[in-house]
Amino acid sequence: MISLTGLNLILPQLIIALAAIIVMLSIAVKRCHRFTNLFTLLSFAAAAISVLYIPRGSFGVSSLFVVDGFGKFFTVLIACAGFVITLMSYHYLNAREKRNEEYYILLLLSSLGALTMVISNHFVSFFLSLEVLSVSLYALIGYLKEEPAGIESGIKYLVLAAVSSSFLLFGIALIYMQTGHLDLSGIAAGLSSSGEFSGVFIAGLAMVIVGIGFKMALVPFHLWTPDIYAGASAPVSAFVATVSKGAVFAFLLRLFYSTGGLENKNVWTVFTIIAVASMLFGNWLALRQQNIKRLLAYSSIGHLGYLMVAFLAITDRGMQAATFYLVVYFTGMLAAFGTVIYMSNKKGEALYIDDYRGLFWKKPWLAAIFTTVMLSLAGIPLTAGFLGKLYLLTAGTEVGIWLLVIVLVVSSGIGLFYYLRVVAVMFAGKNENEASSEPVIGKIFPHGLVLTLLFLLLLWFGVYPSSLLEIIQQIASVIR
Amino acid sequence: MQIIFYIAALVAIVSTAMVITRKNAVHALLYLIVSLLAVSVIFFIMGAPFVAALEVIVYAGAIMILIIFAIMMLNLGQASEKREKEWLKPRTWIGPGILAAILLAELIYTLNSFSPSAHEQAIIDAKDVGMSLFSTYALGVELAAMMLMAGIVGAYHIGHEKQKEYHRYLQKEEKL
């Protein structure tokens with residue numbers, strides 16, 4: 001039986017679930033965008049703070065979940081990302097859609113899916129979390145009904161995510177057939193008793209990799225990414241880029257580290273190929289993009305490829321590097337999409353790089369922030385992105401996975417080009433044909449404030465990373 | 001017992017292949033129902049009669065009927081009535097009929113000859129399913145509820161149309 005004592009361990013998840021229900025009921029009584037937005041903000045903040053009240057150590061909750069330092073860290077990360085996205089959504093939605101309240105229910109529910117995924121210790125809870133996340137995302141991606149592109153990308157995501165889920169389910173069934181367990185510790189025990197990996201188990205793992213690879217947009221499964229990023233509204237794109245991918249990556253770490261699936265040479269090779277392809281193709285395809293959201297989509301494919309390098313190192317150092325890099329990636333991506341939101345207007349988003357031409361002469365602060373974000377994503381010293389990449393490289397060189405390390409360096413070099421192209425456009429001369437006289441959505445509060453905060457974080461982690469690293473060092477050794 | 005499983009599995013594969021090759025949605029649905037029935041027979045001989053019943057009631061019953069209703073609601077009028085007559089030609093239902101008959105024969109045979117005690121596999125009945133859903137997987141059930149909520153809210157938002165400004169009687173007149 002489930003006891004009430006276990007429930008305080010999943011306090012953040014309960015808060016978010018309750019918030020979604022309260023928001024839904026409040027809509028039934030009276031629609032008020034301001035209240036809904038504030039309430040969502042408060043619940044994300046409460047979820048992040050409630051983590052402090054969870055006792056230290058690793059606890060199982062009804063065999064489906066395990067609450068440990070690693071899970072708690074990701075819980076805070078996702079709640080903070082949800083907070084930032086909610087904050088940036090308010091004026092955006094006011095300008096572009098009439099019925100805004102449902103957006104927050106869906107945002108809360110998809111965050112709930114991510115929050116339960118990072119503490120999942122069982123294939124059942126993983127799959128259910130994934131579905132909660134995806135079902136809310138179908139509607140979120142197509143949320144702006146006036147936009148044909150949004151609906152189109154919503155349907156694309158629906159079809160592709162359903163196919164990838166069926167792959168995942170079949171893979172889980174095959175793994176269950178071989179080991180007789182659905183919980184990760186049971187699978188690990190079943191594997192160690194049988195010794196060798198059987199063909200059925202490898203086939204199962206391969207299908208799980210397809211499902212997870214789709215969600216993380218790693219290269220053979222990445223084709224949906226640019227279309228969905230470009231079609232969805234900018235806050236939702238930010239959510240897909242950060243929360244959705246980060247949560248799946250957290251489960252990937254848990255799955256392969258706790259079951260020892262990476263010890264098989266074939267599985268390791270498959271992941272190496274995926275990582276190399278993601279790094280190269282992601283950065284290569286971004287080179288000629290004119291649409292900034294597509295550019296960020298390809299860049300996120302590349303970043304997930306970098307993360308795989310640390311994942312494949314299979315050391316504590318690799319784990320720490322991956323966690324650190326993920327935090328940096330979250331901050332950078334949120335700030336990048338935040339700038340896109342800031343520059344958008346009622347008619348549409350600031351999609352094209354030309355929309356940013358001469359930004360430095362009009363809004364020097366915003367241009368400075370966006371420049372820092374781009375430099376951080378590219379990995380230039382003094383920004384967090386540089387240290388993140390440095391840790392990935394040390395993790396890789398320590399265990400001597402030279403191929404991956406070399407590809408990381410080469411693809412970062414390729415990536416530098418398109419990040420700097422955006423920066424160059426911002427500092428170029430003024431835009432002659434000022435087509436859009438519409439005022440931009442961005443306001444000093446909250447957008448300017450949030451962007452400044454993210455900008456300061458990027459610099460802070462870049463100059464003084466030990467504050468974050470100390471926390472990460474505590475949690476990263478727990479999982480193994 | 002093995003041979004019964006293989007026959008049911010074969011029926012499932014054949015009917016599913018027919019589903020994706022039919023050009024007419026209603027014909028495909030007939031085969032889809034047979035496919036679901038075949039899966040349900042497999043569940044039954046695996047020792048999960050409750051899940052087998054759920055498969056028939058929920059999938060072959062409720063969901064399929066819903067889809068057929070949706071298709072029929074979209075095709076109203078004389079032309080569709082004629083078309084419905086065409087759909088009911090023996091050529092269209094004889095295939096699914098034969099496959100379903102095979103499954104029925106299997107079911108009758110199993111019910112007559114199959115005794116749970118003689119077989120080593122454990123029978124999982126409704127009580128066991130309920131027990132595990134309300135103990136081990138209670139949080140999973142809650143998560144599934146959240147997923148349904150997301151689906152309903154999403155469908156409500158996407159499907160919501162702008163309210164017409166004129167009165168409904170006026171709207172009727174306009175149609176005339």
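Conventions used here
- Residues numbered from 1 in each chain as written.
- Chains lettered and ligands numbered in written order.
- Predicted model: local features only at pLDDT ≥ 70, side-chain atom pairs only at ≥ 80, totals over all residues.
- Heavy atoms only, no water.
- Helix = DSSP H or I, 4+ residues; strand = E, 2+ residues; numbered from the N terminus.
- Buried < 20%, exposed > 50% of the residue type's maximum accessible area, 1.4 Å probe, protein only.
- Contact = heavy atoms within 4.5 Å.
- Areas by Shrake-Rupley, 256 points an atom, 1.4 Å probe, with all protein chains shown as cover.
- Buried area = accessible area lost by both parts, 1.4 Å probe.
- Salt bridge = Lys/Arg side-chain N within 4 Å of Asp/Glu carboxyl O.
- Polar contact = N/O pair within 3.5 Å; in protein donor to acceptor, adjacent residues only side chain to side chain.
- Nonpolar A, V, L, I, M, F, W, Y, C, P; charged D, E, K, R; others polar.
- Expected span 1.5 Å × (residues − 1).
- Phe/Tyr/Trp six-rings, centres within 6.5 Å; stacked < 30°, edge-to-face > 60°.
- Lys NZ or Arg CZ within 6 Å of the ring centre and 35° of its normal.

### Observations concerning the overall build of chain B
Okay, so step 1: A tally of helices and strands in chain B yields 8 helices and 0 strands.
Okay, so step 2: Shown N-terminal to C-terminal, the secondary structure of chain B runs as helices and strands in the order α-α-α-α-α-α-α-α.
Okay, so step 3: Residue burial in chain B is summarised as follows: out of 176 residues, 28% are buried.
Okay, so step 4: In chain B, 69% of the contacts between residues at least 6 apart in sequence involve partners at least 24 apart.
Okay, so step 5: Carbon together with sulfur atoms contributes 69% to the accessible area of chain B, which is approximately 12,200 Å² in total.

### Quick notes on the interface of chain B and chain A
A common way to express how large an interface is: the accessible area buried when the components associate.
Okay, so step 1: Residue-level contacts link 21 residues of chain B with 37 residues of chain A.
Okay, so step 2: Of all residues in chain B, Leu139(B), Leu143(B) and His157(B) bury the most surface against chain A, accounting for 29% of the area lost on that side.
Okay, so step 3: Taken together, the connections running from chain B to chain A amount to 0 salt bridges.
Okay, so step 4: At the boundary of chain B with chain A, the tally comes to 5 residue pairs in polar contact (both at pLDDT 80 or more).
Okay, so step 5: Residue composition of the side of chain B that touches chain A, grouped by class: 13 nonpolar, 7 polar and 1 charged.

### Comments concerning helix α3 (residues 49–74) of chain B
Okay, so step 1: With 26 residues, α3(B) extends 36 Å from end C-alpha to end C-alpha; this agrees with the ideal 38 Å at 1.5 Å per step.
Okay, so step 2: Check the buried side of α3(B) and you find it contacts α2 (25–45) of chain B.

### Some thoughts on the side chain of Ser165(A)
All names here are of chain A.
Okay, so step 1: Checked against the element boundaries, Ser165 lands in helix α7 (residues 148–179).
Okay, so step 2: For Ser165, a relative accessible area of 6% corresponds to the buried category.
Okay, so step 3: Among the polar contacts made by the side chain of Ser165, one reaches the side chain of Glu131 at a distance of 2.8 Å.
Okay, so step 4: In this structure Ser165 touches Phe127, Leu130 and Glu131, once residues within four positions along its chain are discounted.

### Topic: the packing of aromatic side chains
Residues and elements named next belong to chain A.
Okay, so step 1: Overall, the coordinates contain 28 aromatic pairs over all chains when judged by the stated rule.
Okay, so step 2: With a centroid separation of 5.3 Å and an interplanar angle of 85 degrees, the aromatic rings of Tyr103 and Tyr104 are classed as edge-to-face.
Okay, so step 3: Overall, Tyr103 belongs to the buried group, its relative accessible area being 1%.
Okay, so step 4: Measuring from ring centre to ring centre gives 5.1 Å for Phe256 and Phe271, while their planes differ by 85 degrees; the resulting arrangement is edge-to-face. Taken as a pair, Phe256 in helix α11 (residues 234–259) and Phe271 in helix α12 (residues 265–286) lie far apart in primary sequence, 15 residues in all.
Okay, so step 5: Here the aromatic cluster, defined as three or more aromatic residues joined through ring pairs, consists of Phe249, Phe256, Tyr257, Phe271 and Phe311.
Okay, so step 6: Against the face of Trp268 rests Lys265, its NZ or CZ located 5.1 Å from the ring centre.

### Examining the pattern of salt bridges
Residue and element names in this part refer to chain A.
Okay, so step 1: According to the stated counting rule, one finds 12 salt bridges over all chains in the structure shown.
Okay, so step 2: With its nearest N and O atoms 3.2 Å apart, the salt bridge here joins Asp227 to Arg294. Note that Asp227 is positioned in helix α10 (residues 224–231) and Arg294 in helix α13 (residues 292–313), a separation of 67 residues in sequence.
Okay, so step 3: Judged by its relative accessible area of 25%, Asp227 is partly exposed.

### Topic: the side chain of Ser35(B)
Residue and element names in this part refer to chain B.
Okay, so step 1: If you trace the backbone, Ser35 turns up in helix α2.
Okay, so step 2: Engagement of the side chain of Ser35 in a polar contact is seen with the side chain of Thr16, the distance being 3.1 Å.
Okay, so step 3: Ignoring any residue separated from it by four or fewer positions in sequence, one finds Ser35 in contact with Ala12, Ser15 and Thr16.

### Quick look at unusual backbone geometry
Residues and elements named next belong to chain A.
Okay, so step 1: Residues Phe445 and Pro446 are joined by a peptide bond in cis, for which omega reads 5 degrees.
Okay, so step 2: Relative to the assigned elements, Pro446 resides in helix α19 (residues 444–463).
Okay, so step 3: One non-glycine residue with positive phi stands out, namely Ser63, at about 60 degrees.
Okay, so step 4: Inspection of the secondary structure assignment puts Ser63 in the loop between β1 (59–61) and β2 (65–67).
Okay, so step 5: Under the relative-accessibility criterion, Ser63 is labelled partly exposed at 40%.
Okay, so step 6: Positive phi, normally seen in glycine, also occurs at Ile314, with a value near 50 degrees.
Okay, so step 7: Within the secondary structure, Ile314 is located in the loop between α13 and α14 (316–343).

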